Amino acid sequence: MTQKIVALGGGHGLYATLTAMRYLSTDITAVVTVADDGGSSGRLRAELGLIPPGDLRMALAALMSAPKALEDFQTAGDPDTRRRHELWAEVLQHRFGGRGALAGHPIGNLMLAGLTEVLGDTVAALQELRSMFGIVGQVLPMSTVPLDIEADVSGLEADPRISREIRGQVAVATTPGKVRRVRLIPEDPPACESAVEAIESADLVMLGPGSWFSSVIPHVLVPEQLKALQRTGARKVLAVNLAPEPGETPGFSVERHLHVLHAHADTFRVDHVLVDASSVPAGREREHLVRAAGLFGAELNVGDVAVPGRQVHDPAKVAAVVNELCEGESNRYSDRADA
């Protein structure tokens, strides 16, 4: 099966993808959006001028506490290490209570912020935490500077044809209007060199699911990272959200998600567009989706990837479908070689 996997995203969507990919490989690199300006991350970013740590922390915790990772310790006869990983994954995610200055801060955010100040570099701080906790896999920021998201939003004025610019990830995620387009500030942000190298040497690249305008689309708006995605020989899988997200994508069909992404990066190509069967009924709607996937030069793959009765991805199901896609590609290449 695939050896080198790179997962692009942020927040809970990336957490789910990393949990799924851990069923397939131990060589996983998470490349994380760095535009958060709310909550603990926003406070630390504003006060210290650092890359917002929250999504980076969540990715570390995902790699540490993925069921397959913990199972590996159990089957290796190392239950003490498993218990330590479970504990420290919980500690990284634990938020302080109360009403003081620490209220709402996850411990992992403070650890990452402190290490970044001491070492002078976020990537070095992430690698130190990885080493300290024995985390298999690595977590990298999408850019080496904190970014802002700016969006064109309609529906905020009396005239629905008029768009207004709004700025900030929280503002974009919670706007009552319709997000039409987003861009990053600065417009040409520096990519993380290690992330670019990981993408170029990967066997499999996963993008999505996640907040479409603030966690998925930004990954194709960093010019050097987009070039790496174009150059890589990896299989590229785009996992589409199971349902519209209030604030960012209300009323969006699966097809609309694809059209919006394509409008932001019409040179971006993927091999597979992965959607859940329950989110796209068979018939004309699915036929339209095949054409939308074709905008990326992709094959549409419809499968059972959701938790029954819930609008969340099931990591084990996602892993099984992705594994089948990759094995199918390997077989196709073998058939060509034998021909």
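Source: prediction; values computed, not measured. (Residues numbered from 1 in each chain as written. Predicted model: local features only at pLDDT ≥ 70, side-chain atom pairs only at ≥ 80, totals over all residues. Heavy atoms only, no water.)

Right, let's talk about the overall build of the chain for a bit. Across its full length, the chain holds 14 helices and ten strands. Its C-alpha radius of gyration of 20 Å places the chain within 12% of the 20 Å reference for a compact globule of 339 residues. Projected onto the principal axes, the alpha-carbon positions of the chain cover approximately 60 × 55 × 40 Å. Each of the 339 residues in the chain was classed as buried or not, and the buried ones make up 53%. In the chain, once contacts between residues fewer than 6 apart in sequence are set aside, the share between residues at least 24 apart is 69%. (Helix = DSSP H or I, 4+ residues; strand = E, 2+ residues; numbered from the N terminus. Rg over C-alpha atoms; globule rule 2.2 N^0.38 Å. Buried < 20%, exposed > 50% of the residue type's maximum accessible area, 1.4 Å probe, protein only. Contact = heavy atoms within 4.5 Å.)

Looking now at the sheet that holds strand β7 (residues 204-207). Spatially, β3-β2-β1-β7-β8-β9-β10 is the arrangement adopted by the seven strands of the open sheet, whose pairing is parallel. Strand pairing shows two members of the sheet lacking a second neighbour, β3 (138-141) and β10 (299-303), which therefore form its edges. Shown here is a sheet whose adjacent strand axes are inclined to one another by a mean of 20°, direction ignored. On the sheet, helix α13 (residues 284-294) packs against β9 (272-276) and β10 and is oriented at approximately 135° with respect to β10. (Pairing = 2+ DSSP bridges. Axes fitted to C-alpha atoms, helices over the stretch in contact; angles between N-to-C directions.)

On to the sheet that holds strand β6 (residues 178-185). Ordered in space as β5-β4-β6, the three strands form an open sheet in which the pairing is antiparallel. Two strands lie at the open edges of the sheet, namely β5 (163-167) and β6, each paired on one side alone. Taken over all neighbouring pairs, the strand axes of this sheet differ in orientation by 25° on average, direction set aside.

Once that is clear, we can look at the side chain of Arg45. Topologically, Arg45 is positioned in helix α2 (residues 39-48). Excluding residues within four positions of it along the chain, Arg45 makes contact with Val34, Ala35, Asp36, Asp37, Leu50, Pro52, Pro146, Leu147 and Asp148.

Before going further, it helps to examine the packing of aromatic side chains. Taken as a whole and judged by the stated rule, the model has three aromatic pairs. Judged by centre distance (6.1 Å) and plane angle (75°), the ring pair of Phe213 and Phe252 falls under edge-to-face. Taken together, the residues Phe213 in helix α10 (residues 212-216) and Phe252 in the loop between β8 (235-239) and α12 (254-264) connect sequence positions 39 residues apart. Neither Phe213 nor Phe252 differs from the other in exposure class; each is buried. A centroid spacing of 6.3 Å and a plane angle of 80° characterise the contact between Phe268 and Phe296, whose relative ring orientation is edge-to-face. One end of the pair, Phe268, is in the loop between α12 and β9; the other, Phe296, is in the loop between α13 and β10, and 28 residues separate them in sequence. Phe296 shares its class with Phe268; the two are buried. The ring of Phe252 has Arg256 sitting right over it, with the charged end atom 5.4 Å from the ring centre. (Phe/Tyr/Trp six-rings, centres within 6.5 Å; stacked < 30°, edge-to-face > 60°. Lys NZ or Arg CZ within 6 Å of the ring centre and 35° of its normal.)

Core analysis: the largest hydrophobic core is formed by 97 residues, its most contacted members being Leu18, Met21, Val139, Phe268, Val273 and Val322. Among all residues touching Val273, those that are not within four sequence positions of it are Leu238, Val240, Leu258, Ala293, Ala298, Glu299, Leu300 and Asn301. (Core = buried A, V, L, I, M, F, W, Y, C linked by side-chain atoms within 4.5 Å.)

In contact at an axis separation of 9 Å, helix α1 (residues 11-21) and helix α3 (residues 54-65) are set at 20° when each is read in the N-to-C sense. By the angle class used here, α1 and α3 are roughly parallel. Once α1 is placed against α3, the crossing between them reads as right-handed. Note on element contacts: α3 touches α1 through Asp55, Met58, Ala59, Ala61, Ala62, Leu63 and Ser65, opposite Gly11, His12, Leu14, Tyr15, Leu18 and Thr19. Looking at the contact of α1 with α3 residue by residue, the classes come out as eight nonpolar, four polar and one charged. (Parallel < 35°, antiparallel > 145°, perpendicular 65-115°, else oblique. Left-handed = near helix turned anticlockwise from the far one by under 90°. Nonpolar A, V, L, I, M, F, W, Y, C, P; charged D, E, K, R; others polar.)

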